[in-house]
Amino acid sequence: MEIKKILVFTKKNIGLTVFTFVLTFGVYGIKIVNHAFGMDTNIYISNYPRYLIHWISIGRFGEVFLKKSLWGAYTNIYLINFLCFLLFALSSFLLCYLFSKTITSKEVKYHLYIIPSLFLTSQIFVYQFYFVLQNFEFALGMFLVVSAVILLTIETEIRWQKIIYWILSVLMAGLAISVYQSFVLFFAAITAAVLLLEIYNSFTENTEYRFTTLFKRSLPYIIVLAVSTILYFVADKIVGTILEIPRRGRALGMIVWDDLSIKEGVISLLKAMRNIVFLTSDIHSKPTYSYSILIAVILLLPIAVLFLKKRDKNRLTAFICMTTILVSGFGVVIAMGTNPLPRSMVPQYPFVAAFLLFYASLFYQRKVLKRIVLVIVLLLTFSQIKTTSNLLFSEQMTFEEDQRKMIQIDQVIKNLELENASSYKLVIIGTSPSENMFNIQGNNELVGVSMFQFGASPNLGSYDVNANVMEIMKIMGMTYQSPSREEYLDYWQNKSTLKDSPVEFGVEVIDNFIIVKVS
């Protein structure tokens, strides 16, 4: 049984097991022991049915299925985050098991530490984990994808067992895709990684890994991914039709290929790739990506020369698999033709970065070269841990700052001693960006962005700010009535005396409206 093999692997690799879980809970512990949340999560908590409809409209019916089956409307942020990071660590550990199982030509016990070191600590996961409402399902999706690939690697001569493994793999991958569509890229990247390790075995054993071998070995993975993806689209269509919920494209307006010529699109794509790999432009000054992919590619260049010198059938197959894994890692960038939101790059990009460094390390045998690789991994790991921790701390401190502002607003209203104050409509005008000294934000992501800032616009003013803040205040037990858009604009533009007032914080009551200015 595969479970027994995993248990044996765990016993033989106690150090790796402890390291993986301590690293995960050490880095992300602040998310578990605190209850910070922000945009989207506030809407989900306060209006559960509305958000389920939203998920179905963007093709995430699997998320809805899991929410209704496991959680319901009650949102336990502590439990969601705890289970999320438990599954996150398990996914990384199972990747290590999968790679150890695949490599037959050498002992890789210590090389495996590279995977959790660079995968788990990648800072772009922070941007995804900001959305607490889907943390558990996202981590479960990762776990399901890794498990689906492991099932396909099980060797058995019993036909019915193989069929069961294939069916389970299809169901696992299909459910994961219905939660988060980019898991297609994650599945493809892991598949390419497994095949590259098989090519590594052939390389070290001086045997050929022909194209026909690659085709036969990759066929089960291709079939499972294709079937699970097709089933996802069919199920998505059926769910949308039955519930009469129109499909809405998540990435509309973000893809440049429809608006640019092929030449312009390619130039935009190359610039985006340059920004991510070389950390150029504004990305250089903001903690988004690391140099891991660039360093991995540099370390792989001498290995590519070795493959070319051998002049055997491994060159073509290695090139195909390496191209596949790189395309999987940058799949979202290629599809959009421009810089995507960093959170859309997980988990495939951090996985590719970690695996390529792990793969390169297998070829370096001399002690000096091993030490150089070790130093590189340690420096990258430390850099990522520091950046990830800083972002998580920034998120927490910004949430606490927002809480204090909300409590201040509530207390000021209480001091007015209005009769039945909760029946008044609250109008917050102005914006109040985060000012704590630990704040870090950028790259169009919401980590570090105050809810008193997000959503402000010239035409609507702080109408969306007002809505988001009121949602969180309601969740925290500070309930007031919400104005309509027309009412908000009328009192903001025509009736409030605070609009042009120099005061940084003020409050006034007009009719049954409480107007609060923040700045």
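In the block above lies the structure referred to throughout.
As the structure is a prediction and not an experimental result, all values here were calculated from the model.

Peer 1: How would you sum up the overall build of the protein? Please name residues and give values.
Peer 2: A tally of regular secondary structure across the protein gives 20 helices and three strands. By the compact-globule yardstick of 24 Å for 519 residues, the protein fits well, its C-alpha radius of gyration being 26 Å. Overall, the protein is about 85 × 55 × 50 Å in size when its C-alpha atoms are taken along their principal axes. Residues counted as buried form 55% of the 519 residues belonging to the protein.

Peer 1: Give a detailed account of the pairing of strand E1 (residues 425-429), specifying residues and quantitative values.
Peer 2: Of all five residues that make up E1, five are buried, and the element is covered over most of its length. Alternating positions in E1 separate into two faces, Lys425, Val427 and Ile429 on one and Leu426 and Ile428 on the other, with burial throughout. Pairing between E1 and strand E3 (residues 513-517): five bridges, direction parallel. The residue bridging Ile428 from the neighbouring strand is Val516, located in E3.

Peer 1: Got a sec to walk through the sheet that holds E1? Specific residues and values, please.
Peer 2: Taken in spatial order, the three strands of this open sheet run E1-E3-E2, and their pairing is mixed. Edge positions in the sheet fall to E1 and strand E2 (506-510), since each has one partner strand and no second. The mean inter-strand angle of the sheet, taken between neighbouring strand axes irrespective of direction, is 20°. Where E2 meets E3, five bridges bridge the pair, whose relative direction is antiparallel. The partner of Glu508 across the bridge, within E3, is Ile515. In this fold helix H20 (residues 485-495) packs onto E1, E2 and E3, with an angle of close to 55° to the strand it touches most, E1.

Peer 1: So what's going on with helix H19 (residues 463-475)? Residues and values would help.
Peer 2: Taking 1.5 Å per residue as the helical rise, H19 with its 13 residues ought to reach 18 Å, and the 19 Å between its terminal C-alpha atoms agrees with that figure. Check the buried side of H19 and you find it contacts helix H3 (41-46), helix H4 (48-57), helix H18 (367-415), E1 and H20. Gly477 lies just past H19 and shows a positive phi near 95°.

Peer 1: Give me the lowdown on the packing of aromatic side chains, citing residues and values where you can.
Peer 2: A full pass over the atoms with the stated rule returns 49 aromatic pairs. Plain terms: the ring middles of Phe99 and Phe358 are 5.7 Å apart, the flat faces sit at 20° to each other, and that makes the pair stacked. In this pair, Phe99 is assigned in helix H6 (residues 77-102) and Phe358 in helix H17 (residues 348-363), connecting sequence segments 259 residues apart. Considered together, Phe99 and Phe358 belong to a single accessibility category, that of buried residues.

Peer 1: Break down the nonpolar core for me, citing the residues and quoting the values.
Peer 2: Counting 157 residues, the largest nonpolar core has Phe99, Ile325, Phe351 and Phe355 as its most contacted members. Among all residues touching Phe355, those that are not within four sequence positions of it are Phe99, Ile115, Ala193, Leu196, Leu197 and Ile325. Formed by 11 residues, the second largest nonpolar core is a distinct cluster that contains Tyr488, Trp492, Ile510 and Phe513.

Peer 1: Describe empty space enclosed by the protein, listing the residues and the values that go with them.
Peer 2: In this structure the tally under the stated criterion is three cavities of 30 Å³ or more. Taken as a whole, the largest cavity spans an internal volume of roughly 110 Å³. Lining the largest cavity are 15 residues, with Phe37, Tyr130, Glu395, Phe399 and Val449 positioned closest to its centre. When residues in the lining of the largest cavity are grouped by element, the largest group, five residues, is from H18. Counted as a void, the second largest cavity has a volume near 70 Å³. Among the residues forming the lining of the second largest cavity, the class breakdown is seven nonpolar, six polar and no charged.

Peer 1: Could you give me a rundown of the pattern of salt bridges, with the residues and numbers involved?
Peer 2: Two side chains that carry opposite charge are able to pair once their charged atoms sit near each other. Inspection of every chain in the model, using the stated rule, returns 12 salt bridges. With its nearest N and O atoms 3.6 Å apart, the salt bridge here joins Glu155 to Arg217. Highlighted residues: Glu155 in the loop between helix H9 (135-153) and helix H10 (159-179) and Arg217 in helix H12 (residues 211-243), separated in sequence by 62 residues. Under the relative-accessibility criterion, Arg217 is labelled partly exposed at 34%. Arg210 is paired through a salt bridge with Glu208; the nearest N and O atoms lie 2.9 Å apart. Residue classification places Glu208 among the partly exposed residues on the basis of a relative accessible area of 39%. Overlapping salt bridges bring together Glu155, Glu198 and Arg217 as one network.

Peer 1: I'd like a description of unusual backbone geometry, backed by residues and values.
Peer 2: Here the bond from Val346 into Pro347 is cis, since omega is 0°, no more than 30 degrees from zero. Phi is positive for Asn420, which is not a glycine, with a value near 55°. Summarising the element assignment, Asn420 is placed in the loop between H18 and E1. For Asp511, which is not a glycine, the phi torsion comes out positive at approximately 55°.

Peer 1: Describe the pairing of E3, with residues and values.
Peer 2: A large share of E3 lies buried, amounting to five of its five residues. Where burial is concerned, the two faces of E3 agree: the one with Phe513, Ile515 and Lys517 and the one with Ile514 and Val516 are both buried. Here E2 folds back onto E3, and the loop between the two strands holds two residues, one of which, Asp511, carries a positive phi near 55°.

Peer 1: So what's going on with a nonpolar patch on the surface? Residues and values would help.
Peer 2: Taken together, Phe211, Phe215, Leu219, Ile222, Ile223, Val227, Leu231, Leu316 and Phe319 make up a surface patch of nonpolar side chains, about 820 Å² in accessible area. At the level of elements, H12 and helix H15 (314-329) are the ones that each hand at least two residues to the nonpolar patch. Tallying contributions element by element places H12 first for the nonpolar patch, with seven residues. As for its position among the elements, Phe319 is in helix H15. For Phe319, a relative accessible area of 58% corresponds to the exposed category.

Peer 1: Residue-level account of the packing of helix H11 (residues 183-204) against H15, with values.
Peer 2: Each packed pair of helices is defined by two parameters, the angle between the axes and the distance between the axes. The contact between H11 and H15 brings their axes to 8 Å, and the two run at 155°. One element, H11, and the other, H15, form an angle in the roughly antiparallel class. Remark: the crossing between H11 and H15 carries left-handed chirality. Contacts between H11 and H15 involve Leu185, Ala188, Ala189, Ala192, Ala193, Leu195, Leu196, Ile199, Ser202 and Phe203 from the first element and Asn314, Thr317, Ala318, Cys321, Met322, Thr324, Ile325 and Ser328 from the second. Of the residues assigned to the contact of H11 with H15, the class counts are 13 nonpolar, five polar and no charged.

Criteria and thresholds
- Position numbers for residues start from 1 in each chain and track the written sequence from start to end.
- Confidence filtering applies because this is a predicted model: local features only for residues at pLDDT of at least 70, side-chain atom pairs given and counted only at 80 or more, and all residues used for totals across whole chains, interfaces and linings.
- By convention in this description, side-chain values take in all heavy atoms of the structure and omit both hydrogens and water.
- A run of H or I in DSSP counts as a helix once it spans at least four residues, and a run of E counts as a strand once it spans at least two, with each numbered from the N terminus.
- C-alpha atoms define the radius of gyration, and 2.2 Å times the number of residues to the power 0.38 defines the globule rule.
- Here the term buried applies to any residue with accessible area under 20% of the maximum for its type, exposed to any over 50%, and partly exposed to those in between, with areas from a 1.4 Å probe on protein chains only.
- Two strands qualify as a pair provided DSSP detects at least 2 bridges between them.
- For helices, the fitted axis covers only the stretch in contact; all axes are lines through C-alpha atoms, and the angles between them, taken along N-to-C directions, range from 0 to 180 degrees.
- Note on contacts: a residue pair is in contact if any heavy atoms of the two residues lie within 4.5 Å.
- To estimate how far a helix should extend, the number of its residues minus one is multiplied by 1.5 Å.
- The pairing test for Phe, Tyr and Trp rings, Trp by its six-membered ring, is centres within 6.5 Å, and the orientation test on the planes gives stacked under 30 degrees, edge-to-face over 60, and tilted for anything in between.
- Nonpolar core, defined: a set of buried Ala, Val, Leu, Ile, Met, Phe, Trp, Tyr and Cys residues in which side-chain atoms within 4.5 Å join the residues together.
- Points on a 1 Å grid, built from protein atoms alone, make a cavity when a 1.4 Å probe fits but cannot get out and make a pocket when they are open with protein on both sides within 12 Å along at least 5 of 7 lines; residues with an atom within 4 Å of a point are the lining residues.
- Grid points are joined across faces, edges and corners, and a volume is the space filled by probe spheres set on the points.
- Under this grouping Gly is polar, as are all residues other than the nonpolar Ala, Val, Leu, Ile, Met, Phe, Trp, Tyr, Cys and Pro and the charged Asp, Glu, Lys and Arg.
- Within this document, salt bridges are pairs made up of a side-chain nitrogen of Lys or Arg and a carboxyl oxygen of Asp or Glu, the two lying within 4 Å of each other.
- Exposure above 30% relative accessible area and no salt bridge define the residues that can form patches, which grow by joining like charges within 9 Å and nonpolar side chains of Val, Leu, Ile, Met, Phe, Trp and Tyr within 5 Å.
- Calculation of accessible area relied on Shrake-Rupley with a 1.4 Å probe; when residues are assessed, cover is drawn exclusively from the protein chains displayed.
- Working definition: roughly parallel below 35 degrees, roughly antiparallel above 145 degrees, roughly perpendicular at 65 to 115 degrees, and oblique for all remaining angles.
- The sense of a crossing depends on the near helix, which, turned anticlockwise from the far helix by less than a right angle, makes the crossing left-handed and, turned clockwise, makes it right-handed.

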